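What follows is the residue order along each chain.
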Amino acid sequence: MAHEFISKGFRKFWNRSEIRVSVLFSLVLQIILVLMGNKRKYTTKIWLRFILWLSYLLADWVATLSIGVLSNLQGNESEDDSSTRQIYTVTSFWAPFLLLHLGGPDTITAYSLEDNELWWRNFVTLGGQLVAVLYIFLNAWSNNILNLLSIPILIAGLIKFGERIWALRCASSECFRKSMFPSAEAGPSYARHMDEYLSKKDEGFKVSIETTFEVPTIGHTHHHHLRTVIRPNSIVPNAHNLQHAHKFFTMFKPLFADLILSIHDIVHSQSFFQETSCDEVFRVIEIELGFMYDLFYTKALKFNSGLGCFTCLVTCGCVVSVSVFFLYIDKRHYYTVDIVITYILLIGAIVLEIYAVVLKLCSDWTMLWLSKLSSGAVVTYLYQAISFISSSTKQSKRWSNKVGQHNLISFCLKKSADKYWFSSYYDKLMFKYWYDRPSIAKNNKLKELIFEQLLTKSKRDSADCKELCDQRGEWVLKNEKCDNIFGWSVKGEFDKSILLWHIATDLCYDEDSESLNGDSRGKCPLGELSKLMSEYMLYILDLRPFMLPNGIGQIRFQDTCAEATEFFKERRSIANEGRARGGLLRVSTEISPSKVKRGRSNTVLFEACRLAKELQKWESTEKKWSLINNVWVEILCYAANQCQGNHHAQQLRRGGELLTHVWLLMAHLGITKHFQIADDHEKGVKMSFY
């Protein structure tokens, strides 16, 4: 007989320890998901996203592994051993908790939009685990009280399982699009109309057909019913904004599915956004995008229905009732460690359910509900309690309110100073995740600038607004009557224009900083904002290229970086950034760089230097920076409008992007191609005969 290296007793001991460890680890993963699931909406910290991503991937795997271990443990044990029977009786009680874990927390159902598309695969996979849990439950069935207590937990797990699959399915692209389709409508009967027409004509009448029109009215939508805002409760702060945000969220959801809006929706939205302050406008958009995040990534929408609230009460009631009964049952026949683990699972389930409810109470959905209630003592006390909880849990943020920054020349200077070939790659990799983000104060000034320019454009005719969507600097240059001088820089590939204006802005900013006495930041606020937009758009081009139109932006960026790095190495001007930028401006650009390169490289470094020199000659410093500033606003708006809705939705889980807020603001102001103009006012036809 072969000698066993690992004894049978040790293997049995390890099998029992394995299930204990895996069950507790599954609970830990659920705690991480609950605590961090909602925070990625308003933070850009990579470590938080990494931990959340890892926990999301491991959660289902660990729960599935634990169910498999439980199933094997039951199949390998002898039913004649009473002590063994008691062991897997208590461990089988853990199986419904694993089903509860597979149902997932309310704060995160999908890590990314792709997870929603796999809802059917998740249904089949999780359905298999449901069958395994039922097998464990039935196989361990006896007259033991623990088997009876398993039933409520099993019911709670089934509810959680169903909610997760339902949330994933509703957020999938196919179901999301179909949910916004209007009811099927055949329209007026053409055959009946023609029969009447021919009948009157045969009777000798002269028949004429007239088209009737419907003038768009405020609040009238493509669903053909009025959307009214209930008088907000004065107790709830920003109640008016909450109600408008929810109304526009319902009306403008089709944008995220790249569907067409009704002209009635645009008219209604314009009437609000054109008469509202910048701060309030962006606050409404923040709330609106928060609702969109909840729709795509959480179970938040289940609370907005009576059925969702009922299932929440059922799951909480099941877990609490089982915990109470477990306190009083006879537990003398079970191992102490198994009893402790069971208590941990019960307490953990209760805490997670309570925390999920607390998060819901602190959300904009609850505040929206409160804002629609009439004032009273009960509403006042409820709001005060929720406000206290919200301040304690710090759940007031809606997005990061920060923008990424990337500077080509600074990056190349650091790259040219590296002594080892792998250093630049390492820096690039680290920069991709730990890039600089400016303060909120700068962003508020930037929002005001963007809003003012878009507000001016939105007051034009609807057809003109559609044409403005294609402007990426041309409109500004034509208005300033300098299209013949700078027009070449905004034509051609869009990524080329971004690189040209980024480098030119950086060079002009550095040149003006040296020429001005003291700190130029206070004397040239438009320069600061231009530099902010310039570095933000380069960050989008290099690190979020999917948000821009198709092109070779990253290839052109790396070629430009290669030329800049080589230039800095040759001139040995890497010690000082100011001298490096000055060295670029001193290079003669009398002959066009494109003629010298002859298409052998995609670099735009010295073409940008030529643009910077032309800008430096422009009238005055103030007018120059006003021009640069306005061009960047138009470039940013063009990029926002060209990005697809699903890419904007993807960024909601990364702290949000300014580009997404601008895109939605443009749509609300009517500067979008996603609405119909022709025939949208036609109501029907009228037959006249005489």
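Residues numbered from 1 in each chain as written. Predicted model: local features only at pLDDT ≥ 70, side-chain atom pairs only at ≥ 80, totals over all residues. Heavy atoms only, no water.

Would you mind going over a nonpolar patch on the surface in detail, with residue names and values included?
Nonpolar side chains collect at one region of the surface, where Trp47, Phe50, Ile51, Trp53, Leu54 and Leu57 lie side by side and expose about 570 Å² of accessible area between them. Position of Leu54 relative to the elements: it lies in helix α2 (residues 46-76). The exposure class assigned to Leu54 is partly exposed, which follows from its relative accessible area of 35%. (Patch = residues over 30% accessible without salt bridge, like charges linked within 9 Å, V, L, I, M, F, W, Y side chains within 5 Å. Areas by Shrake-Rupley, 256 points an atom, 1.4 Å probe, with all protein chains shown as cover. Salt bridge = Lys/Arg side-chain N within 4 Å of Asp/Glu carboxyl O. Helix = DSSP H or I, 4+ residues; strand = E, 2+ residues; numbered from the N terminus. Buried < 20%, exposed > 50% of the residue type's maximum accessible area, 1.4 Å probe, protein only.)

Which residues make up unusual backbone geometry, and what are the values?
At Asp258, a residue that is not glycine, the phi angle is positive and equals roughly 55 degrees. Assignment of secondary structure puts Asp258 in the loop between α10 (239-252) and α11 (263-273).

How would you explain the side chain of Asn116 if you had to name every residue and give the values?
Along the chain, Asn116 falls in helix α5 (residues 113-117). On the basis of relative accessible area, Asn116 is assigned to the buried category, the value being 0%.

I'd love a proper account of the side chain of Glu563, names of residues and values included.
In this fold, Glu563 is placed in helix α25 (residues 553-571). Overall, the relative accessible area of 16% leaves Glu563 in the buried class. Beyond its immediate sequence surroundings of up to four residues, Glu563 is in contact with Lys597, Thr603, Leu605 and Phe606. (Contact = heavy atoms within 4.5 Å.)

Give me the lowdown on the packing of aromatic side chains, citing residues and values where you can.
Applying the stated rule across the entire model yields 28 aromatic pairs. Relative to Phe568, the ring of Phe567 has its centre 5.7 Å away and its plane inclined at 70 degrees; by these criteria the two rings are edge-to-face. Like Phe567, the residue Phe568 is buried in the burial classification. One aromatic cluster in this structure is built from Phe176, Phe256, Tyr293, Phe296, Tyr297 and Trp663. When the ring centre of Phe248 is taken as origin, the NZ or CZ atom of Lys247, which lies over that ring, is 5.0 Å away. (Phe/Tyr/Trp six-rings, centres within 6.5 Å; stacked < 30°, edge-to-face > 60°. Lys NZ or Arg CZ within 6 Å of the ring centre and 35° of its normal.)

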